[in-house]
Amino acid sequence: DTAVSQTPKYLVTQMGNDKSIKCEQNLGHDTMYWYKQDSKKFLKIMFSYNNKELIINETVPNRFSPKSPDKAHLNLHINSLELGDSAVYFCASSLHNEQFFGPGTRLTVL
Amino acid sequence: GQQVMQIPQYQHVQEGEDFTTYCNSSTTLSNIQWYKQRPGGHPVFLIQLVKSGEVKKQKRLTFQFGEAKKNSSLHITATQTTDVGTYFCAEYGNNRLAFGKGNQVVVIP
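Trainee: Just checking my understanding: could you explain the pattern of salt bridges for this structure?
Mentor: Applying the stated criterion to the full structure yields six salt bridges over all chains. For the salt bridge of Glu58 of chain A with Arg96 of chain B, the shortest nitrogen-to-oxygen distance reads 2.4 Å. Of this pair, Glu58 of chain A sits in the loop between β6 (53–57) and β7 (64–70) while Arg96 of chain B sits in strand β10 (residues 96–99), which puts the two residues in different chains. For Arg96 of chain B, a relative accessible area of 17% puts it in the buried group. We note a salt bridge from Arg63 of chain A to Glu82 of chain A, for which the minimum N-O separation is 3.5 Å. With a gap of 19 residues between them, Arg63 of chain A in the loop between β6 and β7 and Glu82 of chain A in the loop between β8 (73–78) and β9 (87–94) connect regions that are remote in the sequence. A relative accessible area of 13% means that Arg63 of chain A is categorised as buried. In the salt-bridge network here, residues are joined through shared partners; they are Arg63, Glu82 and Asp85 of chain A.

Here it is as structure tokens:
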């Protein structure tokens, strides 16, 4: 029944490692997003895909690479993790304007 | 999207009292959305306003969009402990949501 799901929920890793976060939506939406929420709760868009095509890349370092194998999935791969990457990452999807968020992935880089 | 400013950033509210949270922009907004994020949770869509002067109600929540479409407010009456969380406003445009920094609300029992 989950509309937007993300795995893993928690990710603790060392600096310099590479990690991936997966996102899936079963709502039939065309557009998916990745947001980063920092420790002060500020939510900032990172990427947006529409029907598997990248439409927004919000000046995110190229260590972050999104991949959309189909319109129900949008994964986020991060290379060479840095301390400043520690945050909660939310996946979201939308059909029109209203966005549906996943439960979030709390990434901690040590 | 342009940045929307939210005030206050933090609020402590006594259970049973009313409170309001505000969202302002220096330029005209095409729409405004409100989201609520409970502690440890994810943002959940509450409402979208698009018309000048629009007012919408959801039980104890009243949402307003200013006549000039440069501000919006969310007013909650008879606050309950379940109202705890961060309330975000956001404008949707150019295929993205531009969020304000949120108003973190703590409810004092």
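Having seen it, we continue.
Trainee: In this structure, what is going on with the interface of chain B and chain A? I would like to understand it.
Mentor: Frequently, the measure chosen for interface size is the accessible area removed from exposure when the parts meet. Taken together, the contacts link 20 residues of chain B with 20 residues of chain A. Each partner contributes to the roughly 1,700 Å² buried at the junction of chain B and chain A, and carbon and sulfur atoms together form 56% of this total. On the surface where chain B and chain A come into contact, there are one salt bridge. Our enumeration of links across chain B and chain A arrives at five residue pairs in polar contact (both at pLDDT 80 or more). Elements represented by at least two residues in the side of chain B that touches chain A include exactly β4 (32–37), β5 (43–49), β9 (85–93) and β10 of chain B. Residues that form the side of chain B that touches chain A fall into these classes: seven nonpolar, 11 polar and two charged.

Reading the values: rules and limits
- Residues numbered from 1 in each chain as written.
- Chains lettered and ligands numbered in written order.
- Predicted model: local features only at pLDDT ≥ 70, side-chain atom pairs only at ≥ 80, totals over all residues.
- Heavy atoms only, no water.
- Salt bridge = Lys/Arg side-chain N within 4 Å of Asp/Glu carboxyl O.
- Helix = DSSP H or I, 4+ residues; strand = E, 2+ residues; numbered from the N terminus.
- Buried < 20%, exposed > 50% of the residue type's maximum accessible area, 1.4 Å probe, protein only.
- Contact = heavy atoms within 4.5 Å.
- Buried area = accessible area lost by both parts, 1.4 Å probe.
- Polar contact = N/O pair within 3.5 Å; in protein donor to acceptor, adjacent residues only side chain to side chain.
- Nonpolar A, V, L, I, M, F, W, Y, C, P; charged D, E, K, R; others polar.

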